[in-house]
Amino acid sequence: MIPEDFIQTLLARVDIVDVIDKRVPLKKAGANYVACCPFHQEKTPSFSVSPSKQFYHCFGCGAHGTAIRFLMEHGTQSFPEAVETLAQEIGLTVPHVDENKAVYANRKHAPDHVETMVTAANFYKKELKTSELAINYLKQRGLTGEIARRFGIGYAPDGRQPLKAAFPDYDAEALETLGLVIQKEDGSRYDRFRHRVMFPITDSRGKVIGFGGRVIGQGEPKYLNSPETPLFSKGRELYGLYEAREFIRQAGAVIVVEGYMDVVALAQHGVNHCVATLGTATTSVHAQKLFRLTDHVIFCFDGDTAGKKAAWRALVNTLPTLKDDKRASFLFLPDELDPDEFIRSRGHDAFLDAVKNAKPLSDFLLDHQAERFPPDESDENRAAFIDLVLPLITEIADAPALKALMLKRVSSMTGLSDRELSAFLPQSGAQQHPASPRFKGSPRWQNVKTHYAQRRTRSDSLYSEILRAILQDPNLAIKHDLPPIDDKTSDAVALVEVAAYCRSLKTPPSTSLLIQHFDDTPYGHSIKKLSGLNLDQPIA
């Protein structure tokens, strides 16, 4: 946990123009800086960076946020990773709230751990060059040396302790902590990965954090991943994401497959916008990470029973992350072929044609449940079908249009009206607004109300106008007292929460801090929307 006051200090110290310019060259344009948007393809710059407000906004695709959000979106970093990156760039040390001493003790040793993983990766790559058996195996799978180099593929020799050649101190604790060696009860040690083709797993910055090993020939398990370590968590990481980042942006989509060999084989045939889960079901963290990078996630699974089960788990965990401008699709390959087999036997074009015909999430959800209980057969089936699909549709919290459209389809399939179906919708506690704090009135309130009422439009409420003004100049929330606000609309509740947060700070707040603080809250959407409008409008 990173203290809130450190985030405030960090955003006050960094210059978003410098942060972005290092990664996307900017040009001066009036009071702001512009560039072609890194988040979508365009020829005319619509990506604007405001040094005064310390946030960016694209008038083409709507992407916007702070320096932290930019690193999360552009570099696919997690929030803590983005904070660490910015802190290093300006020479700050990130403090952590020590709620779990074991976790933060592990973080203390992370730099040494990263170096250890790099040493292991280099050892495996060196061993591949001298192993005719491993080289022939990769050639049989249709892989070239160029692809092997791009993904850093290596080879773990057979034997109990090959890594001893790379680590003279083979008894070092880090080797066991990072899952490179296994220690038996009698104290003896041996390499975890033996006689396997090795696939380095990297984080969003390209640093090696784990490995996947594919056995050569017969042996169990066929695929072996690093265990959970201070660096590696399979529920959060995706194989090939770092290597595929730019290709994903160019394609406007990402294809999620089940194995690292699938990713490498698809890249060998020119399909480069692919990633793989690491021996686990797709998690909501995976989905969030991918939706930061693209608007379309395509899950590609084998057409067998196991593949369909994996797809269903991916669907369930993706539902809470959906938005109306984000979509997920599902591709089931024919004849129980995996992506590696399919593209090798049928080619690049056939695979992309199959991708184009991937089934939308809404179709997969409703068709899957309709297979279990065909709603056209009986009232009992219709009741069971409703009982299955409504809780799932309720999970779609941030895509109201998609949710409404799916309910209409359920209505058509079952014969119940929208109003009748609404009676069966589960009530989500997350949808209830917390109690809003109240503010004492002041004569200044009338000045604020009169001033901003003049700028009110038919599409914007008075509350949204005031909230937009506060986001332009957060000091307004401190200078003017708000009277009690009983309105429960999203803009009104967001206004109350933003004003309360501004007043709680010890130092004057900034626009970037407000955007960052409320990023993943129920009010985040309203705040992002309002902060992204009228970027060039002078502060009131």
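First, a word on what this report is: a plain description of the structure on this page. Fair warning: this is a prediction, and the values are worked out from it, not measured in the lab.

1. Brief notes about the packing of aromatic side chains
Here the distance between the centres and the angle between the planes together describe a pair of aromatic rings.
No. 1: What the rule picks out here adds up to 21 aromatic pairs.
No. 2: Their ring planes at 65° and their centres at 6.4 Å tell us that Phe193 and Phe211 sit as a pair that is edge-to-face. With a gap of 18 residues between them, Phe193 in the loop between β8 (189–191) and β9 (196–202) and Phe211 in strand β10 (residues 208–215) connect regions that are remote in the sequence.
No. 3: Exposure remark for Phe211: the relative accessible area of 0% places this residue in the buried category.
No. 4: Where Tyr239 meets Tyr260, the ring centres are 5.7 Å apart and the plane angle is 70°; that geometry is what we call edge-to-face. Of this pair, Tyr239 sits in the loop between β11 (223–225) and α10 (241–251) while Tyr260 sits in helix α11 (residues 260–268), placing them 21 residues apart in sequence.
No. 5: Owing to a relative accessible area of 1%, Tyr239 belongs among the buried residues under this scheme.
No. 6: One aromatic cluster in this structure is built from Phe299, Phe301, Trp312, Phe330, Phe332 and Phe364.
No. 7: Lying across the ring of Tyr33, Lys28 places its NZ or CZ 5.2 Å from the centre.
No. 8: Its end group placed over the ring of Tyr223, Arg214 keeps NZ or CZ at 5.5 Å from the ring centre.

2. Quick look at the packing of helix α17 (residues 379–394) against helix α18 (residues 400–414)
No. 1: Viewed as axis vectors pointing N to C, α17 and α18 meet at an angle of 180°, and their least axial separation amounts to 11 Å. In this view, α17 runs roughly antiparallel relative to α18, as classed from their interaxial angle. Here Arg382, Phe385, Ile386, Val389, Leu390, Ile393 and Thr394 of α17 come into contact with α18, specifically with Lys403, Met406, Leu407, Val410, Met413 and Thr414.
No. 2: Looking at side-chain class alone, the contact of α17 with α18 contains 9 nonpolar, 2 polar and 2 charged residues.

3. Comments concerning the nonpolar core
No. 1: Grouped together as the largest cluster of nonpolar side chains are 61 residues, with contacts concentrated most on Tyr124, Ile153, Leu180, Phe211, Tyr239, Ile255 and Phe351.
No. 2: Apart from the residues lying within four places of it in its own chain, the contact partners of Tyr239 are Phe151, Phe199, Pro200, Ile201, Tyr260, Val263, Val264, Cys274, Val275, Ala276 and Leu278.
No. 3: The next biggest cluster of nonpolar side chains, apart from the first, holds 55 residues, and it includes Val24, Phe70, Ala494 and Ala499.

4. Re the state of the cysteines
No. 1: Scanning the entire structure with this criterion turns up 0 disulfides.
No. 2: Here Cys37 stays unpaired: no disulfide links it, and the sulfur of Cys58, its closest cysteine neighbor, is 3.5 Å away.
No. 3: In this structure Cys61 is not part of a disulfide, and its nearest cysteine sulfur, from Cys58, lies 3.7 Å away.

5. So, the sheet that holds strand β14 (residues 296–301)
No. 1: Sheet architecture is open: 5 strands sit in the order β13-β12-β14-β15-β16, paired in mixed fashion. Across the chains shown, the open sheet's two edge strands, defined by having one partner strand only, are β13 (274–276) and β16 (359–360).
No. 2: Contacting β14 and β15 (327–332), helix α13 (residues 305–318) runs over the sheet at an angle of about 175° to β15.

6. Some remarks on unusual backbone geometry
No. 1: Cis geometry marks the peptide bond from Glu220 to Pro221, where omega comes out at -10°.
No. 2: Note that Pro221 resides in the loop between β10 and β11.
No. 3: At His195, a position not held by glycine, the phi torsion is positive, near 55°.
No. 4: On the basis of relative accessible area, His195 is assigned to the buried category, the value being 18%.

7. Thoughts on the sheet that holds strand β6 (residues 154–156)
In any sheet, the strands associate via hydrogen bonds between backbone groups, in a parallel or an antiparallel arrangement.
No. 1: If you trace the 4 strands from one edge of the open sheet to the other, you get β6-β9-β10-β11, paired in antiparallel fashion. Where the open sheet ends on each side, the last strands, each with one partner, are β6 and β11. Looking at each pair of strands side by side, their axes are set apart by 35° on average, direction ignored.
No. 2: Bridging between β10 and β11 involves 3 bridges; their strand directions are antiparallel. Bridged to Arg214 within β11 is Tyr223.
No. 3: Together, β9, β10 and β11 form the strand contacts of α11, whose direction differs from that of β11 by roughly 105°.

8. Points about the packing of α10 against helix α12 (residues 284–293)
No. 1: It is at 10 Å that the axes of α10 and α12 come closest, and there the two elements cross at 40°. Between α10 and α12, the interaxial angle falls into the category oblique. Side by side, α10 and α12 meet where Leu241, Arg245, Ile248 and Arg249 of the first sit next to Lys289, Leu290 and Leu293 of the second.
No. 2: Its residues assigned to classes, the contact of α10 with α12 comprises 4 nonpolar, no polar and 3 charged.

9. Observations regarding helix α16 (residues 361–372)
No. 1: Between its terminal C-alpha atoms α16 stretches 17 Å, which fits the 16 Å expected from 12 residues at 1.5 Å a residue.
No. 2: Every buried residue of α16 is accounted for by Leu361, Ser362, Phe364, Leu365, Leu366, Gln369 and Ala370.
No. 3: Looking at the packing, one finds that the buried side of α16 touches α13, β15, β16, α17 and α18.

Definitions and cut-offs
Residues numbered from 1 in each chain as written. Predicted model: local features only at pLDDT ≥ 70, side-chain atom pairs only at ≥ 80, totals over all residues. Heavy atoms only, no water. Phe/Tyr/Trp six-rings, centres within 6.5 Å; stacked < 30°, edge-to-face > 60°. Helix = DSSP H or I, 4+ residues; strand = E, 2+ residues; numbered from the N terminus. Buried < 20%, exposed > 50% of the residue type's maximum accessible area, 1.4 Å probe, protein only. Lys NZ or Arg CZ within 6 Å of the ring centre and 35° of its normal. Axes fitted to C-alpha atoms, helices over the stretch in contact; angles between N-to-C directions. Parallel < 35°, antiparallel > 145°, perpendicular 65-115°, else oblique. Contact = heavy atoms within 4.5 Å. Nonpolar A, V, L, I, M, F, W, Y, C, P; charged D, E, K, R; others polar. Core = buried A, V, L, I, M, F, W, Y, C linked by side-chain atoms within 4.5 Å. Disulfide = S-S within 2.5 Å. Pairing = 2+ DSSP bridges. Expected span 1.5 Å × (residues − 1).

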